[in-house]
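# Inside the fold
These are the residues of each chain, in order.
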Amino acid sequence: MEAEGISEEEVFNQILDTLQANDMSYDSGRILGSMCTKPLELTIKLYQKFFDRNLGDPGLWKGTWKLEREAIKILGTLLHNPDATGYIVTGGTEANIMAMRIARNSHFNGHPEIIVPYSAHASFDKAADLMRLKIIKIPLTSEYTVDTEAVEEAISKNTVAIVGIAGTTALGVVDPIDKLSEIALDRGIYLHVDAAFGGLVLPFLAKMGYHVPPYDFLLEGVQSITADPHKMGLGPIPSGGILFRSDEILKKNHYEIPYLAGGNIRQATIVGTRSGFAAIATWAIFKYLGEKGYIKIVRRCMKLINLLKEELKKVDGIRVVNDPPQMNVLGFTSDYNLHIIDKRLREKGWALGAFPNLLRIVIMPHIKKCHVENFVRDLESIVQSLK
Ligand SMILES: Cc1ncc(COP(=O)(O)O)c(C=O)c1O
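Reading the values: the criteria
Residues numbered from 1 in each chain as written. Predicted model: local features only at pLDDT ≥ 70, side-chain atom pairs only at ≥ 80, totals over all residues. Heavy atoms only, no water. Helix = DSSP H or I, 4+ residues; strand = E, 2+ residues; numbered from the N terminus. Buried < 20%, exposed > 50% of the residue type's maximum accessible area, 1.4 Å probe, protein only. Contact = heavy atoms within 4.5 Å. Axes fitted to C-alpha atoms, helices over the stretch in contact; angles between N-to-C directions. Parallel < 35°, antiparallel > 145°, perpendicular 65-115°, else oblique. Left-handed = near helix turned anticlockwise from the far one by under 90°. Nonpolar A, V, L, I, M, F, W, Y, C, P; charged D, E, K, R; others polar. Near = heavy atom within 4 Å. Polar contact = N/O pair within 3.5 Å; in protein donor to acceptor, adjacent residues only side chain to side chain. Phe/Tyr/Trp six-rings, centres within 6.5 Å; stacked < 30°, edge-to-face > 60°. Lys, Arg positive; Asp, Glu negative; His and termini not counted. Salt bridge = Lys/Arg side-chain N within 4 Å of Asp/Glu carboxyl O. Core = buried A, V, L, I, M, F, W, Y, C linked by side-chain atoms within 4.5 Å. Pairing = 2+ DSSP bridges.

### Describing the overall build of the chain
Helices and strands together make up the secondary structure of the chain, namely twelve helices and 13 strands. C-alpha atoms of the chain, sized along the principal axes, occupy 65 × 65 × 45 Å. Looking at the 387 residues of the chain, the share that counts as buried comes to 55%. Across the chain, the fraction of contacts at a sequence separation of at least 24, relative to all contacts at a separation of at least 6, is 71%.

Structure below.
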């Protein structure tokens, strides 16, 4: 650190120099592989006013806490349980780690095991690593959903949780959560649903008349759900969501934090100090967009993902993996080397998600039709050059 500080203007200039030369932007339309998106103007305005709220000490910020409770109620209602309890956390990773901790504690045994699909997000590996859980990964069917018979076979006396995904990271597909719920109820095992992405897409697709398989608290076996505002909720980064069926589940899993300025509280989150702004903004965006606002956004994303799918199908040597896409996520593979295709796309400024056997595109609200068209044109020329 320098001995002398510099002016505000100089600080801005230095930041801009670094960021403009190195960062990508949502407006360019080139970020095609992220599940996050550009914040609303409303969020930026709110940030200037309320960035300082800390829900790690909610006794000081009782209004912020109240808005978080209301945001959780809105999210719970969308997922068919207005009585769900939970928190706005840092993202899907923290939410999934919290759920695995609660599940492990609810059925504590000496050698806890969790059963997850192969499609599960790396946050479950992190949870397993942190809590020394054995993680059992279950193969997928030809539909890229978890093989539920294999789940049943994998259950042992050590199983503390089964995980189903409602909107997989790679393809946005929904596991047969109804079947997992039956298994969980039958065997008395905790079922967590990772709807980090799907939790703020599926409720609106259902209202738009799409066929949406059951995945949420309507299914009795589902004990907790991850649903992230900072993905399709258009929330600020970071804002994740974790919901539990009832307060009962959390009861024995709180920590007493006696020293807080706002008074002694009980905390179930992994982190202590946490963003109250994330909760305020989540509440605000839910109120501002309403169901109709979200439906409009999801409809646009679905229209573009289907346009992309049709355009990709016309490119010789490219194959769409998930046709039709269940959500605004599409994977494609190729007769040519995917790694080289990904590298060439990056050289042309595109940023997709690379998975072992596919490249993934997520049509988020910042993507426009012209971006899709430009992308397909570039992909076509890359594939041509590989022939
Ligand atoms: C299904 C799913 N769960 C969890 C996560 C992790 O979320 P985060 O990056 O917010 O921690 C992701 C990230 O894309 C995801 O797709």
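On we go.
### So, the packing of helix 10 (residues 276–313) against helix 12 (residues 369–386)
The geometry of helix 10 relative to helix 12 is characterised by a closest axis approach of 10 Å and an angle of 20 degrees between their N-to-C directions. Viewed along their axes, helix 10 and helix 12 adopt a mutual orientation that is roughly parallel. Crossing handedness for the pair helix 10 and helix 12: right-handed. Together, L304, L307, L308, E311 and L312 of helix 10 and K369, V372, F375, V376 and L379 of helix 12 make up the contact between the two elements. Each residue belonging to the contact of helix 10 with helix 12 can be placed in one class, and the counts come to eight nonpolar, no polar and two charged.

### Digging into the site of the ligand
The environment of the ligand is made up of 13 residues, and the closest members are T93, T169, D194, H230 and K231. Within the side chain of T93, one N or O atom sits 2.6 Å away from an oxygen atom of the ligand. Measuring from an oxygen atom of the ligand, one finds a side-chain N or O atom of H230 at 2.8 Å. Here the element with the most residues in the shell around the ligand is helix 4 (residues 92–106); it accounts for three residues. Grouping the constituent residues of the shell around the ligand by class yields two nonpolar, eight polar and three charged.

### Structural notes on the packing of aromatic side chains
Applying the stated criterion to the full structure yields six aromatic pairs. A centroid spacing of 6.5 Å and a plane angle of 55 degrees characterise the contact between F332 and F375, whose relative ring orientation is tilted. Here the residue F332 occupies a position in strand 11 (residues 329–334), and F375 occupies one in helix 12, the gap between them amounting to 43 residues. Judged by its relative accessible area of 0%, F375 is buried. Their ring planes at 80 degrees and their centres at 5.4 Å tell us that W350 and F375 sit as a pair that is edge-to-face. One end of the pair, W350, is in the loop between helix 11 (338–347) and strand 12 (353–355); the other, F375, is in helix 12, with 25 residues separating them in the sequence. On the accessibility criterion, W350 (3% relative accessible area) is buried. Through a chain of ring-to-ring contacts, three or more aromatic side chains come together here, namely Y47, F51 and F277.

### Remarks on the side chain of S239
Position of S239 among the secondary structure elements: in the loop between strand 6 (222–226) and strand 7 (240–244). Look at S239 and you get buried, because its relative accessible area is 0%. Of note is the side chain of S239, whose polar atom sits 2.7 Å from the backbone oxygen of P236. Beyond its immediate sequence surroundings of up to four residues, S239 is in contact with I88, V89, T90, G91, D228, P229, H230, A278 and T282.

### Digging into the side chain of D175
On the secondary structure map, D175 appears in the loop between strand 4 (159–165) and helix 7 (177–187). Buried and unpaired, D175 has K137 as its nearest opposite-charge partner, separated by 13 Å. A polar contact of 2.8 Å, which involves the side chain of D175, links it to the backbone nitrogen of I165. Discounting chain neighbours no more than four positions away, the residues touching D175 are P117, T145, V146, G164 and I165.

### As for the nonpolar core
A general tendency of soluble globular proteins is for nonpolar side chains to be buried together. Core analysis: the largest hydrophobic core is formed by 85 residues, its most contacted members being L308, L312 and F375. Per-element tally for this core: the top contributor is helix 10, with 15 residues. Sequence-distant contacts of F375, defined by excluding residues within four places in its chain, comprise L32, L308, L312, F332, L345, W350, L352 and I361. Among the nonpolar cores identified, the runner-up in size contains 27 residues, and Y87, A95, A127 and A161 belong to it.

### Side note on the sheet that holds strand 12
The strand order across the open sheet built from four strands is 10-11-13-12, with neighbouring strands paired in antiparallel fashion. Only two strands of the sheet have a single neighbouring strand rather than two, namely strand 10 (318–320) and strand 12. Averaged over all pairs of adjacent strands, the angle between strand axes in this sheet comes to 30 degrees, irrespective of strand direction. Strand direction decides the pairing type here: strand 12 and strand 13 (residues 358–362), joined by three bridges, are antiparallel. Opposite F355, over in strand 13, you have L358 as the bridge partner. Its contacts with the sheet place helix 11 against strand 10, strand 11, strand 12 and strand 13, and it is angled at close to 40 degrees to strand 13.

### A word on the sheet that holds strand 7
An order of 1-7-6-5-4-2-3 is seen for the seven strands of this open sheet, with the pairing classed as mixed. The sheet is open, and its two borders are formed by strand 1 (85–89) and strand 3 (134–138), each paired with just one other strand. Geometrically, the sheet is characterised by an average inter-axis angle of 20 degrees between neighbouring strands, direction not taken into account. In this sheet, strand 7 lies alongside strand 6 in antiparallel orientation, the contact comprising three bridges. Note that in strand 7 the partner of I225 across the bridge is L243.

The values are spatial; any link to function lies outside them.
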